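Reading the structure
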Amino acid sequence: AGETVRLLLDQESLEHLRGQQRGRLRQDWREKGLPGTVTVLHPLGGEMEVLLDHEAIRWGRFLKPGDEVRLKTAEPIVAVVRHVRPWRERTLVRLVVSGWDQTDLTSGQRIALSVPELPQDVQESALPPDLDRPRSKEERIEWFLSTVYCTCSIGGDGCTGMFYTQSSCNVNACGMPNVISKRVAGLIDQELTDRQILEKLAQDRGELLLKPHLLK
């Protein structure tokens with residue numbers, strides 16, 4: 001059809017390139033911080049929120065209350081993590097900082113967050129780094145929807161749920177988030193841990209459940 005093949009790879013070569021890409025991203029995160037957007041500023045209360053981009057999902061979710069981080073501004077701002085939770089395919093981090101330090105920041109401003117690097121075993125694991133943390137039933141269901149990707153049979157780029165997380169799917173246009181929610185709720189009622197529920201979902205839906213993808 002007159003199309004040109006730029007690069008033809010076998011599976012081993014593709015995985016090698018993926019590894020190189022992950023290495024470049026890790027280097028960027030070490031040097032430049034995690035990319036995100038300032039969403040809320042509360043100088044009087046000393047709190048602010050940063051919504052981290054999708055690519056920062058693993059490093060962002062590894063954060064825990066009490067961790068010290070730095071906002072990469074002209075004069076770096078030291079902050080302490082107060083709360084971390086998924087927000088669709090992104091990660092919302094609530095920070096405690098000096099109210100005076102917020103004066104040069106604005107809502108909607110792009111910013112980078114310098115965080116401690118993940119341990120090597122966490123980086124290499126396929127499982128989410130915030131697995132099995134204490135949450136209510138409703139929070140656990142939302143966590144799963146913000147963690148897993150769709151594995152329905154719609155191919156190509158016809159379903160963005162395969163590249164984002166299930167929480168980003170419009171529940172009025174797609175029934176899969178409701179299917180996953182009901183399945184997870186039932187497994188929670190059986191007193192299964194998050195790890196056990198992920199194993200069950202992977203058995204039901206396949207290994208692509210845990211990573212963004214597009215079906216051919």
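All chains use their own residue numbering, which begins from 1 and follows the written sequence. The model is predicted, so local features are restricted to residues of pLDDT at least 70 and side-chain atom pairs to those at 80 or more, both for listing and for counting; the totals for chains, interfaces and linings are taken over all residues. Excluding hydrogens and water, the side-chain values take into account all heavy atoms of the structure.

Another point: the nonpolar core. Membership of the largest hydrophobic core comes to 25 residues, with the highest contact counts inside it found for Met48, Leu63, Val69, Leu71, Leu95 and Leu113. Mapped by element, the contributors of at least two residues to this core are strand S1 (34-42), strand S2 (47-52), strand S3 (68-71), strand S4 (77-87), strand S5 (90-96) and strand S6 (110-114). Residue contributions to this core peak at four residues, all from S4. Once residues lying within four places of it in the same chain are set aside, the contact partners of Leu95 are Gly46, Glu47, Met48, Val50, Val69, Leu71, Ala79, Val80, Val81, Arg82 and Leu113. Within this scheme, the nonpolar core is defined by two criteria: the residues are buried Ala, Val, Leu, Ile, Met, Phe, Trp, Tyr or Cys, and they are joined through side-chain atoms within 4.5 Å. When accessible area is computed with a 1.4 Å probe and restricted to protein chains, residues below 20% of their type maximum are described as buried, those above 50% as exposed, and intermediate ones as partly exposed. Listed in part, the 21 residues of the second largest apolar core include Cys152, Met176, Leu192 and Leu198. Numbering of helices and strands runs from the N terminus, with a helix taken as a DSSP run of H or I at least four residues long and a strand as a DSSP run of E at least two residues long. Contacts between residues were defined by any pair of non-hydrogen atoms, one from each residue, lying within 4.5 Å.

Before going further, it helps to spend a moment on the sheet that holds S4. Here six strands make up a closed barrel; going around it, the order is S1-S2-S5-S4-S3-S6 and the pairing antiparallel. Strand-to-strand, the axes of this sheet are offset by a mean angle of 45°, without reference to chain direction. Each pair of strands is called paired provided DSSP finds at least two bridges between the two strands. In this sheet, S6 lies alongside S3 in antiparallel orientation, the contact comprising two bridges. The residue of S6 that forms the bridge with Leu71 is Leu113. Structural elements are reduced to axes, namely lines fitted to C-alpha atoms, with helices fitted over the stretch in contact, and the angle between N-to-C directions of any two is expressed from 0 to 180 degrees.

Before going further, it helps to examine a nonpolar patch on the surface. Exposure above 30% relative accessible area and no salt bridge define the residues that can form patches, which grow by joining like charges within 9 Å and nonpolar side chains of Val, Leu, Ile, Met, Phe, Trp and Tyr within 5 Å. Note on areas: Shrake-Rupley, 1.4 Å probe, and residue coverage restricted to the protein chains presented here. Any Lys or Arg side-chain nitrogen found within 4 Å of a carboxyl oxygen on Asp or Glu counts as a salt bridge. Taken together, Leu7, Leu9 and Leu17 make up a surface patch of nonpolar side chains, about 260 Å² in accessible area. With respect to the helices, strands and loops of the structure, Leu9 is situated in the segment before helix H1 (11-32). For Leu9, a relative accessible area of 36% puts it in the partly exposed group.

Attention now goes to the pairing of S2. Counting buried positions along S2 yields six of six residues, so the element is predominantly enclosed. Side-chain alternation along S2 places Glu47, Glu49 and Leu51 on one buried face and Met48, Val50 and Leu52 on a second face that is also buried. As defined by bridge partners, S1 adjoins S2 across six bridges and the pair is classed as antiparallel. Bridge pairing in S2 places Thr37 opposite Leu51. What sits between S1 and S2 in their antiparallel hairpin is a turn of four residues, with Gly46 showing a positive phi close to 70°. When S2 meets S5, the two strands line up antiparallel, connected through six bridges. Residue Glu47 lies in a different strand from S5, and its bridge partner there is Val96.

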